[in-house]
Amino acid sequence: MSRQKKRRINIWEHLQVIQGKWIYLKKKGDNFFEHLFCFLQMGRSEREKNTDANLGVLAELSLFLPARVFAYLAAEIENRPFWELWLEWKDKVYHDERMKQYASEELQKKRRERGKRIIPKIRTSEFLRQDSWFAFRNTPEELKGKGNYYLSDDDRMFWWDGTDEVVISDDMNTWLTELSDRHRGLMDLPDAGCGDKFQGPGGFIEDFMVLLDEICDYYKRIYPFKTMFYEFIQNSGKKEYRAAIALLKMLYEENKEEGKVIEYVKFGWGLASKNVTQNIARLRLKRYLSVMANGKLRKKYFNF
């Protein structure tokens, strides 16, 4: 019989002692739960010094077993609902038990040393990296050979603050520089590239919302950041904002061919290959919206 099983039997036996012999030794009329409750209210030092023939072992067990263990077994003995009993007792009984240590001193020492060991820093993108086979399962043929998708700082532009927390890669810098050149070109146009229907603020807002809906419908799960959305709505009459949306519309149209692989997602987003859900066409839209939402980064490249 295992030590744990023996311990359970001993606890049970000593509770029965309280119910039987101990109550018998006390004055007539006392009941089991009153005696047990009084015992569980004792402080640790009082229980440590207890030498009662019947309570001694129980007191020893109480030094490392929580009071709720005794309350549960008592409820079992008396066929009383445990939670009803525990809710009545829980704030009045001892909570000073100390878990008994069964590990060897050598093992305890190793655990203490491990607990003091300094954990090396790791980048967020590395911590969130998904590289299991399941992450890339069912990658379609047209994406094979292009490399698996791994989260990088390029996907975290919303959190860029000029420190090394999020680093702008060379590829990202080149792409944003190209986009900023295109944005300046749109700014030189009378309509900022928005067309006649964008001339009034009302038309801009309506078309902006329709565009966002179309992007989400085609590329799936692409949403503007809340702060960015309201900022663009509030500044709908300014050319720099209108040109930024005209550029967003261009990116939406230009990436459609590459982005249509999203159609392979048929049985749930989490079950699809990361190479599909994070295809480069879809990422371009997400990254652009992230930059537009990061005022400091947007100012760095697009000057507004």
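The structure we're discussing is the one just above.
What you see is a predicted model; the values in this text were computed from it and never measured.

1. Description of unusual backbone geometry
So, step 1. Phi at N79 is positive, roughly 55 degrees, even though this residue is not glycine.
So, step 2. The residue N79 is located in the loop between α5 (67-78) and α6 (82-89) in this model.

2. A few points about the packing of helix α9 (residues 170-187) against helix α12 (residues 239-254)
So, step 1. For the pair α9 and α12, interaxial distance at closest approach is 9 Å and the crossing angle is 120 degrees. On the basis of their axis angle, the class for α9 and α12 is oblique. The handedness of the crossing between α9 and α12 is right-handed. For the pair α9 and α12, the contacting residues are L179, R182, H183, L186 and M187 in the first and K239, E240, A243, A244, A246, L247, M250, L251 and E254 in the second.
So, step 2. Classifying every residue of the contact of α9 with α12 by side-chain character gives 9 nonpolar, 1 polar and 4 charged.

3. Points about the environment of G193
So, step 1. You can see G193 is positioned in the loop between α9 and α10 (201-219).
So, step 2. On the basis of relative accessibility, which here comes to 32%, the residue G193 falls in the partly exposed class.
So, step 3. Apart from the residues within four sequence positions on either side, G193 is in contact with L186 and A246.

4. Focus on the nonpolar core
So, step 1. In terms of nonpolar packing, the biggest core is built from 42 residues, with F208, F232, L248, Y288, M292 and F302 touching the most fellow members.
So, step 2. For this core, the secondary-structure elements that each account for two or more residues are α9, α10, α11 (226-234), α12, α15 (280-293) and α16 (295-302).
So, step 3. Top contributing element to this core by residue count: α12, with 9 residues.
So, step 4. Counting residues in hydrophobic clusters, the runner-up holds 25 residues, among them L58, A59, A75 and V93.

Cut-off values and rules
Residues numbered from 1 in each chain as written. Predicted model: local features only at pLDDT ≥ 70, side-chain atom pairs only at ≥ 80, totals over all residues. Heavy atoms only, no water. Helix = DSSP H or I, 4+ residues; strand = E, 2+ residues; numbered from the N terminus. Axes fitted to C-alpha atoms, helices over the stretch in contact; angles between N-to-C directions. Parallel < 35°, antiparallel > 145°, perpendicular 65-115°, else oblique. Left-handed = near helix turned anticlockwise from the far one by under 90°. Contact = heavy atoms within 4.5 Å. Nonpolar A, V, L, I, M, F, W, Y, C, P; charged D, E, K, R; others polar. Buried < 20%, exposed > 50% of the residue type's maximum accessible area, 1.4 Å probe, protein only. Core = buried A, V, L, I, M, F, W, Y, C linked by side-chain atoms within 4.5 Å.

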